Amino acid sequence: MAQQHAVITEEAIAKLKSRIGIKWQPRESWFNEMATRDAIRHFAQGIGDENPLWQDEEYAQKTKYGSIIAPGCFLYSVYWAVGSWGGLPGIHGWHSGNDWEFYQPIFVNDKITFTEVLTDVVEKQSRMSGRTIIQYSDTIYTNQQGEVIAKTKGWCIRAERGASREKGRYSGVRKAQYTPDELLAIEQAYDREDIRGTTPRYWEDVKTGDELTPVVKGPLSLRDMIAWLMGVGSYFMRAHRRALDYQRRHPAVGMIDSATGITDVPELVHVENTRAEEIGIPGAYDYGPQRISWLGHLLTNWMGDDGFLKRLYAELRGFNMIGDTTWCKGKLIRKYVENEAHLVDIDCWGENQRGEITMPGRATVILPSRLHGPVVYPIGPQG
């Protein structure tokens, strides 16, 4: 018999808070442990990123790296650092943002490990679901030499599924529809995508106000969701007996579909409309790490092979549903030198076909200098 959706209790909050400061690693791999050539290619293809630096061995051997490397957001395929999804069993989680710091490239066949620490638990009220809990965590990624290659702060919103459905904040949102001319404009935006590649973008040649060539993603389809999962993997998506064994070990992870009575993993909100409707969203929607990786695509296109993405901050503020289109855009807002590195700060964001900014962000990129030479690694403090 189907059970009612879970509710937030003081006991569950106290138990969650007791985990603050405790270092955590999973008992088994999330998905990728090694940045193999295939794993990097699958990730890049899963976000529609055709940069040959991630996929073409002959091309990559002629770059300063001498081999294929992975984009920084590849680390989502090692672990989805979304703010510590543990605790509050049966309470839904929405990934709400990341603040990444990258220190050095990820080379082909790097073996990557990670640790995560829950850092804070904050209670708030939201228009979408009333009482909500925001979880924050810090995740550190390390390569086989014991070098820290990146770290990120992640946060997610936890809310009762029933409350989210009852409030119906998004009930008035219409699903996307397009005219033939609008679809043609999207196709033309794809055609205008500009991968800088082997042509260095020197720090001296850019100026405040420069705009990045947009990267378009959409109209989002179930195909895109499947391609993303093929590249980044999933913790909950397990087949047959493995799924049953996991459900038995973690019974509260199951999410009831009121339309069918079937209990299955909450991740199906990304591929089944009825699952999304169960939590008050009109239709299936994208993954947070997927959308943030699109911003990474925008930035690495612009900076070229000789640049380095030092920081990427993104907030997930609106739902990007099946059928929606996202334009990833950016503008250079500052250029400066710090600790001998030649830096630019960029405002970047994801904007849908309704003109809504669903993902505000900002980034810092290190560019090569005509006068002072290439980017030097590792970047900045590590710890």
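Predicted model only: the values in this text are computed from it and were never measured.

Glancing now at the sheet that holds strand 6 (residues 130-142). Across the sheet, 10 strands lie side by side as 1-5-6-7-3-11-14-13-12-8; this open sheet has antiparallel pairing. Edge positions in the sheet fall to strand 1 (23-24) and strand 8 (215-217), since each has one partner strand and no second. Bridging between strand 6 and strand 7 (residues 148-159) involves 11 bridges; their strand directions are antiparallel. Paired with Gln135 across the strands is Cys156, a residue of strand 7. Sheet contacts for helix 1 (residues 10-17): strand 5 (113-126) and strand 6; angle to strand 6, the most-contacted strand, approximately 20°. Against the sheet, helix 5 (residues 180-191) contacts strand 8 and strand 12 (326-338), and its axis sits at roughly 135° relative to strand 8.

Okay, the pairing of strand 3 (residues 92-102) next. Walk down a regular strand and you will see the side chains alternate between the two sheet faces. Within strand 3, 10 of the 11 residues are buried, which leaves the element mostly enclosed by the surrounding structure. The pairing of strand 3 with strand 7 spans 10 bridges and is classified as antiparallel. Its bridge partner being in strand 7, Phe102 is matched across the sheet by Ala150. Two strands pair when backbone bridges link them, and strand 3 and strand 11 (residues 308-315) are joined in this way by 5 bridges, in the antiparallel orientation. From the neighbouring strand, Glu101 faces strand 11, where its bridge partner is Arg311.

In this section: the environment of Ile106. Mapped onto the secondary structure, Ile106 falls in strand 4 (residues 106-107). Sequence-distant contacts of Ile106, that is, excluding residues within four places in its chain, are made with Ala35, Ile69, Ala70, Pro71, Gly72, Leu75, Ile112 and Ile149.

So, on to the nonpolar core. Ranked by internal contacts, the top residues of the largest apolar core, which has 73 residues, are Leu75, Tyr141, Trp302 and Leu312. Once residues lying within four places of it in the same chain are set aside, the contact partners of Leu75 are Trp100, Phe102, Ile106, Ile112, Tyr141, Ile149 and Ala150. Formed by 11 residues, the second largest nonpolar core is a distinct cluster that contains Tyr170, Met255, Val269 and Phe319.

Let's shift gears to the pattern of salt bridges. Scanning all chains against the criterion turns up 16 salt bridges. The residue Asp210 makes a salt bridge to Lys207 at a minimum N-O spacing of 3.1 Å. Overall, the relative accessible area of 54% leaves Lys207 in the exposed class. Across the salt bridge formed by Asp224 and Arg223, the nearest N and O atoms sit 3.0 Å from each other. Overall, the relative accessible area of 57% leaves Arg223 in the exposed class. Here the salt bridges do not stand alone but share partners, grouping Glu10, Glu123 and Arg131 into one network.

All right, on to unusual backbone geometry then. In the segment running from Gly218 into Pro219, the intervening peptide bond is cis, with an omega of -10°. Mapped onto the elements of the fold, Pro219 is located in the loop between strand 8 and helix 6 (222-232). We note that Asn109 has phi near 75°; this positive angle belongs to a residue other than glycine. Relative to the elements of secondary structure, Asn109 occurs in the loop between strand 4 and strand 5. When its relative accessible area of 44% is taken as the criterion, Asn109 is described as partly exposed. For Glu340, which is not glycine, the phi torsion reads 70° and is therefore positive. Relative to the assigned elements, Glu340 resides in the loop between strand 12 and strand 13 (341-352). On the basis of relative accessible area, Glu340 is assigned to the exposed category, the value being 75%.

This next bit is on empty space enclosed by the protein. Here the structure, examined in full by the defined rule, presents 2 cavities of 30 Å³ or more. Lining the largest cavity are 21 residues, with Ile69, Ala70, Gly72, Met303 and Phe308 sitting closest to its centre. Mapped onto the lining of the largest cavity, the elements with two or more residues apiece are strand 2 (69-70), strand 7, helix 9 (288-303) and strand 11. Here the residues of the lining of the largest cavity are counted per class, giving 14 nonpolar, 6 polar and 1 charged.

Our next topic: helix 2 (residues 37-46). When we look at burial in helix 2, the residues that qualify are Ala39, Ile40, Phe43, Ala44 and Gly46. Buried residues along helix 2 cover an arc of 165° about the axis, so they all sit on one side. On its buried face, helix 2 sits against strand 2, helix 6 and helix 9. Looking one or two places after helix 2, you find Gly48, whose phi comes out positive at around 75°.

Pairing analysis gives 13 bridges linking strand 5 to strand 6, with the strands arranged antiparallel. The partner of Ser126 across the bridge, within strand 6, is Gly130. Connecting strand 6 to the antiparallel partner strand 7 that follows it, the hairpin turn spans 5 residues, and Gly146 within it adopts a positive phi of roughly 80°.

Following the sequence through the fold, Ile20 ends up in the loop between helix 1 and strand 1. A C-alpha to C-alpha distance of 28 Å links Ile20 and Gln145, two positions 125 residues apart in sequence. Those residues in contact with Ile20 that lie beyond four places of it in its chain are Leu118, Thr119, Asp120 and Val121.

As enumerated under the stated definition, the model contains 20 aromatic pairs in all. When the centroid spacing of 5.2 Å and the interplanar angle of 85° are considered together, the rings of Trp30 and Tyr79 count as edge-to-face. You can see Trp30 sitting in the loop between strand 1 and helix 2 and its partner Tyr79 sitting in the loop between strand 2 and strand 3, a full 49 residues away along the chain. Across the pair, exposure class does not vary: Trp30 and Tyr79 are buried alike. Positioned above the aromatic ring of Tyr336 is the side chain of Arg334, whose terminal nitrogen or guanidinium carbon lies 3.6 Å from the ring centre. The ring of Tyr313 is capped by Arg362, whose NZ or CZ atom sits 4.0 Å from the centre of that ring.

Thresholds applied
- Residues numbered from 1 in each chain as written.
- Predicted model: local features only at pLDDT ≥ 70, side-chain atom pairs only at ≥ 80, totals over all residues.
- Heavy atoms only, no water.
- Pairing = 2+ DSSP bridges.
- Helix = DSSP H or I, 4+ residues; strand = E, 2+ residues; numbered from the N terminus.
- Contact = heavy atoms within 4.5 Å.
- Axes fitted to C-alpha atoms, helices over the stretch in contact; angles between N-to-C directions.
- Buried < 20%, exposed > 50% of the residue type's maximum accessible area, 1.4 Å probe, protein only.
- Core = buried A, V, L, I, M, F, W, Y, C linked by side-chain atoms within 4.5 Å.
- Salt bridge = Lys/Arg side-chain N within 4 Å of Asp/Glu carboxyl O.
- 1 Å grid on protein atoms, 1.4 Å probe; cavity = no way out; pocket = protein on both sides within 12 Å on 5 of 7 lines; lining within 4 Å.
- Points joined across faces, edges and corners; volume = space filled by probe spheres on them.
- Nonpolar A, V, L, I, M, F, W, Y, C, P; charged D, E, K, R; others polar.
- Arc of directions from axis to C-beta.
- Phe/Tyr/Trp six-rings, centres within 6.5 Å; stacked < 30°, edge-to-face > 60°.
- Lys NZ or Arg CZ within 6 Å of the ring centre and 35° of its normal.

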